[in-house]
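As a plain string of letters, each chain reads:
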Amino acid sequence: MKRFPLASAVLLAGLVLPAVADAHTFGAHDAGFAHGFLHPVGGWDHLLAMVAVGLWAAQRGGAALWALPAAFVTAMIGGGLLGMTGIALPAVELGIAGSVIALGALVAAQSRLSLPLSMAVVAAFALFHGHAHGAEMPEAAQPLLYGLGFALATALLHGAGVAAALSLRGIARGTGAALALRGLGAAIGLAGVGLGGVALAALV
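Just so we're clear, the structure is a prediction, and the values are computed from it rather than from any experiment.

Reading the values: rules and limits
- Residues numbered from 1 in each chain as written.
- Predicted model: local features only at pLDDT ≥ 70, side-chain atom pairs only at ≥ 80, totals over all residues.
- Heavy atoms only, no water.
- Helix = DSSP H or I, 4+ residues; strand = E, 2+ residues; numbered from the N terminus.
- Buried < 20%, exposed > 50% of the residue type's maximum accessible area, 1.4 Å probe, protein only.
- Contact = heavy atoms within 4.5 Å.
- Areas by Shrake-Rupley, 256 points an atom, 1.4 Å probe, with all protein chains shown as cover.
- Phe/Tyr/Trp six-rings, centres within 6.5 Å; stacked < 30°, edge-to-face > 60°.
- Axes fitted to C-alpha atoms, helices over the stretch in contact; angles between N-to-C directions.
- Parallel < 35°, antiparallel > 145°, perpendicular 65-115°, else oblique.
- Left-handed = near helix turned anticlockwise from the far one by under 90°.
- Nonpolar A, V, L, I, M, F, W, Y, C, P; charged D, E, K, R; others polar.
- Core = buried A, V, L, I, M, F, W, Y, C linked by side-chain atoms within 4.5 Å.
- Expected span 1.5 Å × (residues − 1).
- Lys, Arg positive; Asp, Glu negative; His and termini not counted.
- Salt bridge = Lys/Arg side-chain N within 4 Å of Asp/Glu carboxyl O.

A.B. asks: Mind showing me how you'd approach the overall build of the chain here?
C.D. replies: A tally of helices and strands in the chain yields eight helices and zero strands. Each helix (α) and strand (β) of the chain, taken in turn from the N terminus, gives the series α-α-α-α-α-α-α-α. Of all 204 residues assigned to the chain, the portion counted as buried reaches 43%. Across the chain, contacts joining residues at least 24 apart in sequence account for 84% of those joining residues at least 6 apart. When the accessible surface of the chain is totalled, it reaches about 9,600 Å², and 74% of it is carbon and sulfur.

A.B. asks: Before we go on, may I ask you to explain the packing of aromatic side chains in this structure?
C.D. replies: Both the distance between ring centres and the angle between the ring planes are used here to describe each pair of aromatic rings. Summed over all chains, the structure comprises two aromatic pairs. Taking the centre distance of 5.6 Å and the plane angle of 80° together, the rings of Y146 and F150 count as edge-to-face. With Y146 and F150 both in helix α7 (residues 143-171), this residue pair falls four residues apart, about one helical turn. Each member of the pair Y146 and F150 is classed as buried.

A.B. asks: Any chance you could explain the packing of helix α3 (residues 44-60) against helix α6 (residues 115-135) here in plain terms?
C.D. replies: Describing two packed helices takes the angle between their axes plus the distance from one axis to the other. At a closest axis distance of 11 Å, the pairing of α3 and α6 adopts a crossing angle of 165°. By the criterion of interaxial angle, the relationship of α3 to α6 is roughly antiparallel. Crossing of α3 over α6 shows left-handed handedness. Of the residues in α6, those in contact with D45, H46, A49, M50, V53, W56 and R60 of α3 are L115, S118, V122, H129, A132 and H133. Here the contact of α3 with α6 is composed, by residue class, of seven nonpolar, four polar and two charged.

A.B. asks: Honestly, the side chain of Q59 in this entry has me stumped. Any pointers?
C.D. replies: Along the chain, Q59 falls in helix α3. Given a relative accessible area of 7%, Q59 falls into the buried group. Not counting chain neighbours up to four residues away, the residues in contact with Q59 comprise L106, V107, Q110, S111, R112, R169, L181 and R182.

A.B. asks: I'm lost on the nonpolar core in this one. Help?
C.D. replies: Soluble, globular proteins show a tendency: their nonpolar side chains are buried together. In terms of nonpolar packing, the biggest core is built from 34 residues, with L55, W56, L68, F72, L103 and V122 touching the most fellow members. Elements with a contribution of two residues or more to this core: α3, α4 (64-84), α5 (92-108), α6, α7 and α8 (175-203). It is α3 that provides the largest number of residues to this core, a total of 10 residues. Sequence-distant contacts of V122, that is, excluding residues within four places in its chain, are made with V53, W56, L68, A71, F72 and L103.

A.B. asks: What should I look at first to understand α8 in this one?
C.D. replies: Side chains three or four residues apart in an α-helix point the same way, a direct result of the helix having 3.6 residues per turn. Taking 1.5 Å of rise per residue, 29 residues should cover 42 Å, and α8 covers 42 Å from first to last C-alpha, within 8% of that figure. Among the residues of α8, A177, L181, G185, I188, G189, G192, G196 and A199 are the ones counted as buried. In this fold, the buried residues of α8 make contact with α3, α5 and α7.

A.B. asks: Mind showing me how you'd approach the side chain of D45 here?
C.D. replies: Assignment of secondary structure puts D45 in helix α3. In this structure, D45 is buried with no salt-bridge partner, the nearest side chain bearing the opposite charge being R60 at 24 Å. Contacts of D45, omitting those with residues within four sequence positions, involve E93, I96, V100, H129 and L195.

A.B. asks: Explanation requested: the environment of A109 in the structure shown.
C.D. replies: Within the element layout of this structure, A109 appears in the loop between α5 and α6. A109 gets classed as partly exposed once you look at its relative accessible area, which sits at 49%. In the structure, A109 is positioned 77 residues away from A186 in sequence and 8.4 Å away in space, judged by C-alpha atoms.

Right, here's the structure in full:
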């Protein structure tokens, strides 16, 4: 039970910090960081996928607790560089929506893929998210600050997912906590189906 307050604090930080950033009036020096920080939390597709990574990491435990978020953030930065330099990736919006569906499904199924394969899965999806961040960087933004902003926001969203999973374990014991977490994954996956429909409609 000692870790429950810590989990709640991390979750609270993940929810409050974006609101604080949004309410703050940033100067020119901070414009890149502010835009980068707000980009992942400004869309449900990014937010749900990143929280799902945290949920899956906590569900698996062990080395996955840090390895999955680290793989996502690292690959996302790579995708961001591609987007900033104008290198195209195919079907980015569909890839992002697909990541929400797949990551939610993995949590719902309580998947136990090998750790290297799990890292490869989240890294592949992270490329699409990172590309979207990079491609949508404002012209006036400073690339380094912008990248630091979206990397930090992503890490906080992963932390929020981990905190949510740990909080569920503090509230519900044993099978109840596992079922609640799987249900949360299913809800994220279903939301991804809706987002995918929107992305497809935009392409037609």
